[in-house]
Every structure is written in structure tokens, then in C-alpha cells.
Amino acid sequence: MNSQEHRPATQLEPVPDDLESARAKLVYIYLDVTEGATVDELGEILAMKKINVLSVLRSLSSAGHVERTGSEYVAN
């Protein structure tokens, strides 16, 4: 018989209201939860092409929702 491990709930910040794209919301939430990821990690984990990841990150960055720190992007 397997017992489930209970982890404390992660408190997420609300997704910014101006994010309309499902991909943008997905990338933002992932970055918020993981506290940062590279373009390659995002593509692999979220099953997105690199060109799409870069496009979403460019939009999120220009809107001030994410920033690049070294090789990683983090949610603001």
C-alpha cells in the first residue's frame, strides 16, 4: 500500500492580468515556482520549441514580468 507524501502548498503569486496567452502564463508560472530556468530547460520541461520559448520570454521581459540573470530567466 502506497502512502502519499504531503508537501506544504507552494504559495503562488497571482498571474499578471495582462498575460493572455496560455504559453505566457505557463512559462511565467513555471519560472515563479522554480525560481528560474534556462531557455533549454523551459523548452524541455514545457515541451515547447526553443523559438517559441524565446518569443514568450521576450514578451514577458518587455512587459517587466521576467528578467534574465546570467543564463536563467526569473519571474519578477
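Keep in mind that what you see is a predicted model, and the values were worked out from it rather than measured.

### What about the overall build of the chain?
Helix and strand counts for the chain come out as 3 helices and 2 strands. Of the regular secondary structure in the chain, the N- to C-terminal order runs α-α-α-β-β. Residue burial in the chain is summarised as follows: out of 76 residues, 29% are buried. In the chain, the proportion of contacts linking residues at least 24 apart, taken out of those at least 6 apart, comes to 44%. Carbon and sulfur atoms provide 47% of the accessible area of the chain, an area that totals close to 5,800 Å².

### Considerations on the side chain of threonine 38
Relative to the helices and strands, threonine 38 is located in the loop between helix 1 (22-34) and helix 2 (39-46). With residues up to four places along the chain from it excluded, the contact list for threonine 38 reads Ser71 and Glu72.

### Brief notes about the confidence of the model for the chain
Model confidence for the chain is summarised by a mean pLDDT of 90, while 83% of its residues fall at 70 or above. Across the chain, helix 2 holds the top mean pLDDT of 98, while helix 1 sits lowest at 95.

### Focus on the pairing of strand 2 (residues 72-75)
Relative to strand 2, strand 1 (residues 66-69) runs antiparallel, the two sharing 4 bridges. Counted as the bridge partner of glutamate 67 is valine 74 from strand 2. Between strand 1 and the antiparallel strand that follows it, strand 2, lie 2 residues; glycine 70 among them carries a positive phi value of about 70 degrees.

### Considering the packing of helix 1 against helix 3 (residues 50-62)
Angle between the axes and distance between the axes: these two values describe a pair of packed helices. At their nearest, the axes of helix 1 and helix 3 sit 10 Å apart, and the two run at 80 degrees to each other. Between helix 1 and helix 3, the angle is such that the two are roughly perpendicular. Between helix 1 and helix 3, the residues in contact are Arg23, Ala24, Val27, Tyr28 and Leu31 and Asn52, Val56, Leu57 and Leu60, respectively. Along the lines of polarity and charge, the residues of the contact of helix 1 with helix 3 split into 7 nonpolar, 1 polar and 1 charged.

### As for the side chain of histidine 65
As for its placement among the helices and strands, histidine 65 is situated in the loop between helix 3 and strand 1. Separated by 2.9 Å, the side chains of histidine 65 and aspartate 18 make a polar contact. Setting aside anything within four residues of it in sequence, one finds histidine 65 in contact with Pro16, Asp18, Leu19, Tyr28, Leu60, Val74, Ala75 and Asn76.

### A short note on the nonpolar core
With 16 residues, the main nonpolar core has Val27, Leu31, Leu42, Leu57, Leu60 and Val66 as its most contacted residues. Contributing elements (two or more residues each) for this core: helix 1, helix 2 and helix 3. In this structure, valine 27 is in contact with Leu42, Leu46, Met48, Val56, Leu57 and Leu60, ignoring residues within four places of it in sequence.

The rules we used
- Residues numbered from 1 in each chain as written.
- Predicted model: local features only at pLDDT ≥ 70, side-chain atom pairs only at ≥ 80, totals over all residues.
- Heavy atoms only, no water.
- Helix = DSSP H or I, 4+ residues; strand = E, 2+ residues; numbered from the N terminus.
- Buried < 20%, exposed > 50% of the residue type's maximum accessible area, 1.4 Å probe, protein only.
- Contact = heavy atoms within 4.5 Å.
- Areas by Shrake-Rupley, 256 points an atom, 1.4 Å probe, with all protein chains shown as cover.
- pLDDT = per-residue confidence, 0-100.
- Pairing = 2+ DSSP bridges.
- Axes fitted to C-alpha atoms, helices over the stretch in contact; angles between N-to-C directions.
- Parallel < 35°, antiparallel > 145°, perpendicular 65-115°, else oblique.
- Nonpolar A, V, L, I, M, F, W, Y, C, P; charged D, E, K, R; others polar.
- Polar contact = N/O pair within 3.5 Å; in protein donor to acceptor, adjacent residues only side chain to side chain.
- Core = buried A, V, L, I, M, F, W, Y, C linked by side-chain atoms within 4.5 Å.

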